[in-house]
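# Structural description and commentary
Here are the chains, one letter per residue:
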Amino acid sequence: MGTEGARALLERAATLTLQTGNLLSWGCLRKKCPATPGEEVRDCIQKTLSEWSSKIGQDLNHQEILEVLECTVAQAIEKINPEERDELKVSAKLFIVGSNSSSIRDAVDLACSALRVAQLDSVIIAPPPVEDGTSLSLEYLQPYWQELETLVQNKKIVAIGTSDLDKTLLEQLYLWAQVKPSSNQVNLASCCVMPPDLTAFAKQFDIQLLTHNDPKELLCEASFQEVLQESIQNTRAHEWTPLWLLRYSVIVKSRGIIKSKGYIMQAKRNAS
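Note that this is a predicted model, so its numbers are computed, not measured.

Moving on: the overall build of the protein. Check the secondary structure of the protein and you find eight helices and nine strands. The C-alpha atoms of the protein give 19 Å as radius of gyration, which agrees with the globular expectation for 272 residues (19 Å, within 12%). The C-alpha extent of the protein, read off along each of the three principal axes, is 65 × 45 × 35 Å. If you take every contact in the protein between residues at least 6 apart in sequence, the share linking residues at least 24 apart comes to 73%.

Take the environment of L115 next. Here L115 lies in helix α4 (residues 103-115). Relative accessible area serves as the criterion here: at 1%, L115 is assigned to the buried category. Separated by 37 residues in the primary sequence, L115 and E78 have C-alpha atoms spaced 6.7 Å apart. Those residues in contact with L115, other than ones at most four positions away along the chain, are E78, K79, I80, V90, Y248 and V250.

With that out of the way, let us pick up the pairing of strand β1 (residues 15-19). Counting buried residues along β1, five of its five residues qualify, which places the element largely inside the surrounding structure. Side-chain alternation along β1 places T15, T17 and Q19 on one buried face and L16 and L18 on a second face that is also buried. Relative to strand β9 (residues 257-269), β1 runs antiparallel, the two sharing five bridges. Bridging from a neighbouring strand, T17 pairs with Q266 of β9.

To continue, consider the packing of α4 against helix α5 (residues 138-153). Running from amino to carboxyl end, α4 crosses α5 at an angle of 40 degrees, the nearest separation of the two axes being 9 Å. Classified by the angle their axes make, α4 and α5 are oblique. Pair α4 / α5 crosses with right-handed handedness. Only Y144, E147, L148, T150 and L151 of α5 make contact with α4, whose side of the interface consists of I104, R105 and V108.

The strand order across the open sheet built from nine strands is β2-β1-β9-β8-β3-β4-β5-β6-β7, with neighbouring strands paired in mixed fashion. A single partner strand is all that each edge strand has here, and the edge strands are β2 (68-72) and β7 (208-212). For this sheet, the mean angle separating the axes of adjacent strands, direction not counted, is 20 degrees. Along the sheet, α5 contacts β3 (88-96), β4 (120-125) and β5 (157-163); its crossing angle with β5, the most-contacted strand, is approximately 160 degrees.

The rules behind the values
Residue positions are given per chain, counting from 1 as you read along its sequence in written order. Selection of residues for local features in this predicted model requires a pLDDT of at least 70, selection of side-chain atom pairs for listing and counting requires 80 or more, and totals for whole chains, interfaces and linings are taken over all residues. For the side-chain quantities, the full set of heavy atoms in the structure was used; hydrogens and water were omitted. In this text, helices come from DSSP runs of H or I with a minimum length of four residues, and strands from runs of E with a minimum of two, each type numbered from the N-terminal end. Atoms counted for the radius of gyration: C-alpha only. Globule rule: 2.2 Å times the number of residues to the power 0.38. The contact rule is simple, with two residues in contact once any of their heavy atoms fall within 4.5 Å. For every residue, the accessible area (1.4 Å probe, protein chains only) is compared with the maximum for its type, and the residue is labelled buried under 20%, exposed over 50%, or partly exposed between those bounds. When DSSP locates at least two bridges between a pair of strands, those strands are taken to pair. All axes are obtained by fitting lines to C-alpha atoms, using only the stretch in contact for helices, and the reported angles, taken between N-to-C directions, cover 0 to 180 degrees. An angle below 35 degrees is read as roughly parallel, one above 145 as roughly antiparallel, one from 65 to 115 as roughly perpendicular, and any other as oblique. Left-handed describes a crossing whose near helix is turned anticlockwise from the far helix through less than a right angle; right-handed describes the clockwise counterpart.

Bear in mind that shape data such as this cannot, by itself, settle questions of function.
What follows is the structure, encoded as C-alpha cells:
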C-alpha cells in the first residue's frame, strides 16, 4: 500500500526534497559500476523514491499532509562527526535545472543540514541552462555568481568554482567577480587536451583546472518525470519539475579517499 500513500502525498505537496544519503553504503549501486553520471543519478533517485514510498503507511488520516515532502532513505543518511570535521573536505557540484539563482541558497543550506556541517569547503556550479540558440555569457552568469559570493561572505562556503567556461568567459568572470573562482572544471569529452590559452590563464591567476565527465544536462525534466512515474506508478509525474540537483562528496584529506558521496535535489509541483 506504500505506493498509494506516496501517490496521495505527492498529489497534495508543493515541493519534494530528495536525499539519497551515502551511496557508498548502497550495495546495489556498486554492482552497476561503472555507470555514467546520468545513469547513476537516475538509479539513485529511483531507488530513493521506491524505498521511501514502500515505508509510507496506508492510513493517511493519521499522516500530516505536508507542503514540503522529504524523501529519504533513513539508513543511508550519514551525518559528519564534528570531531572529524577538520580532517575532511566537503565538496559539492550544483546543477540548476528548472530554477533561477535564488535556489542556490536552498541547495547549500540543505547540504549543510544533511551532513550536519556549518559550511561547505568547495562548491562548483555547472553552467545554468540557457535557452536554445543563446550561449552562456557573463551577464547571464552574474546573478548565480553573486548568490555564491554572498554565501562565501556569510561563511557558508569557503571556495567557489565554475565548470565548462572557456578562457574568454573565465577571464571575464575573474575580472568582474569580487570572490574569484578558485577552480574551473573542463569536460574531457569535449577536449582531450586542456586548451593552452585556458591553461596559461589558470596558471597565471592560480585557478585550479579539474576534469569531469558530466553530461550537459545531468537531470532534465523529462528524465525526472520518467523516473518518478517508474518509481510510483500512476502518479501525476508530468506536474513535477526538478529545480536543482546537488552532488556532494566527503573526502578524507590525509588519505584522499571518498568517505561519503550522495545527491540532494528539489522539485516543485505545477498544479494545473
